Amino acid sequence: MVTLPPDYRPSEDEEFMNPVQVEYFRQKLLRWRSDLLREADGTLASLSEGGIHEADITDRASVETDRALELRTRDRARKLIAKIDQALVRIELGTYGYCEETDEPIGIKRLEARPIATLSIEAQERHERMERVHRDD
């Protein structure tokens, strides 16, 4: 088990995906997952409080719209949790931080911004260009 210094930040100057960097991203992913699950629990609690008790039809519509938005947000969070879980599996397999297409390092800055990234910036851009080309067909 690796212990992280309290102020540790991965840098480009150190060996890519050394044990300290791997532990840093593992903890970052676990915190993110925990936050999403806590928010989901709050949503479930508020939705299980019962039906809509607003007498005014406009107020009722507003509450229904808010709930629908919250459910869409939770669905996105559910998909994000699945991607976080996949990233945690990649950490266990030793493939985290490397592009799925090229096996090249994804890069610290990209992983800091998007810890669930599976493609390098170059591979992601190629993928998006291909999507645009095929979408226009």
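Please refer to the structure higher up on the page.
So, here is what we can say about the structure in this document. Here the structure is a predicted model, which is why all the values come from computation and not from measurement.

In this structure, Met 17, Phe 25, Leu 29, Ile 84, Tyr 96 and Leu 111 are the most contacted members of the largest nonpolar core, which totals 23 residues. At the level of elements, helix H1 (19-47), helix H2 (57-93) and helix H3 (108-113) are the ones that each hand at least two residues to this core. Among the elements that line this core, the one with the most residues is H2, at six residues. The residues contacting Tyr 96, other than those within four sequence positions of it, are Met 17, Phe 25, Leu 29, Ala 87, Arg 90, Ile 91, Leu 111 and Pro 115.

This brings us to the packing of aromatic side chains. Applying the stated criterion to the full structure yields four aromatic pairs. Look at Phe 16 and Tyr 98: their rings are 5.2 Å apart centre to centre, the planes differ by 90°, and that puts the pair in the edge-to-face class. Within this pair, whereas Phe 16 is found in the segment before H1, its partner Tyr 98 is found in the loop between H2 and H3, the two being separated by 82 residues in sequence. Aromatic pair Tyr 24 and Phe 25: ring centres 5.1 Å apart, planes at 85°, arrangement edge-to-face. Given the relative accessible area of 6%, Tyr 24 is considered buried. Taken together, Tyr 8, Tyr 24, Phe 25 and Tyr 96 form an aromatic cluster joined through their ring pairs.

What counts, and where the lines are drawn
Residues numbered from 1 in each chain as written. Predicted model: local features only at pLDDT ≥ 70, side-chain atom pairs only at ≥ 80, totals over all residues. Heavy atoms only, no water. Core = buried A, V, L, I, M, F, W, Y, C linked by side-chain atoms within 4.5 Å. Buried < 20%, exposed > 50% of the residue type's maximum accessible area, 1.4 Å probe, protein only. Helix = DSSP H or I, 4+ residues; strand = E, 2+ residues; numbered from the N terminus. Contact = heavy atoms within 4.5 Å. Phe/Tyr/Trp six-rings, centres within 6.5 Å; stacked < 30°, edge-to-face > 60°.

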